[in-house]
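What follows is the residue order along each chain.
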Amino acid sequence: MIHVNTNYCKGCLLCVEYCPKKVYVKSEKLSKKGVFPPEVKFPENCIRCHLCELMCPDFAIIVEDKNDK
Ligand code: SF4
Ligand code: SF4
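Described in the following lines is the structure provided in the data block.

Criteria and thresholds
- Residues numbered from 1 in each chain as written.
- Chains lettered and ligands numbered in written order.
- Predicted model: local features only at pLDDT ≥ 70, side-chain atom pairs only at ≥ 80, totals over all residues.
- Heavy atoms only, no water.
- Near = heavy atom within 4 Å.
- Nonpolar A, V, L, I, M, F, W, Y, C, P; charged D, E, K, R; others polar.
- Helix = DSSP H or I, 4+ residues; strand = E, 2+ residues; numbered from the N terminus.
- Contact = heavy atoms within 4.5 Å.
- Core = buried A, V, L, I, M, F, W, Y, C linked by side-chain atoms within 4.5 Å.
- Buried < 20%, exposed > 50% of the residue type's maximum accessible area, 1.4 Å probe, protein only.
- Salt bridge = Lys/Arg side-chain N within 4 Å of Asp/Glu carboxyl O.

What follows deals with the site of ligand 1. Around ligand 1, a shell composed of C9, K10, G11, C12, L13, L14, C15, P38, C56, P57, A60 and I61 is seen. Split into classes, the residues belonging to the shell around ligand 1 amount to 10 nonpolar, one polar and one charged.

What follows is the structure, encoded as structure tokens:
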């Protein structure tokens, strides 16, 4: 399971850029913060490398290791 806290996300989209499996796409909807956050579009492709979690400057992403998508 991938959690994106859109209250923290500043829309830098590093997660979209760096995910090796292209799990994220840029959302078409503005968040409450007025930015376009990532949308978890292809969770089934996630290999749980945690790169997105590590890259996110605002600690907005949590990737659970459990296999419950
Ligand atoms: S890296 Fe973090 S702050 Fe940047 S778009 Fe992704 S979730 Fe938002
Ligand atoms: S854990 Fe790795 S594969 Fe999964 S969404 Fe994050 S960067 Fe992509």
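Past the structure itself, the notes keep going.
What follows is about the site of ligand 2. Near ligand 2 you find 13 residues, and of these C19, C46, C49, H50 and C52 are the closest. Of the residues belonging to the shell around ligand 2, the class tally is 11 nonpolar, one polar and one charged.

Next up on the list: the environment of L51. One can find L51 in helix α2 (residues 51-55). Spatially, the C-alpha atom of L51 lies 7.9 Å from that of C15, the residues being 36 residues apart in sequence. In contact with L51, not counting residues within four places along its chain, are Y18 and P20.

This part takes up the nonpolar core. Membership of the largest hydrophobic core comes to 14 residues, with the highest contact counts inside it found for I2, C15, Y24, C52, I61 and V63. What C15 contacts, discounting residues up to four positions off in sequence, is Y24, P38, C52 and I61.

Opposite charge on two side chains makes pairing possible when the charged atoms of those side chains draw close. Enumeration over the complete set of coordinates arrives at one salt bridge. Two residues, K10 and D58, come together in a salt bridge whose shortest N-O distance is 3.2 Å. Of this pair, K10 sits in the loop between β1 (2-4) and α1 (14-18) while D58 is found in the loop between α2 and β4 (61-63), placing the two residues 48 residues apart along the sequence. Its relative accessible area of 25% is what places D58 among the partly exposed residues.

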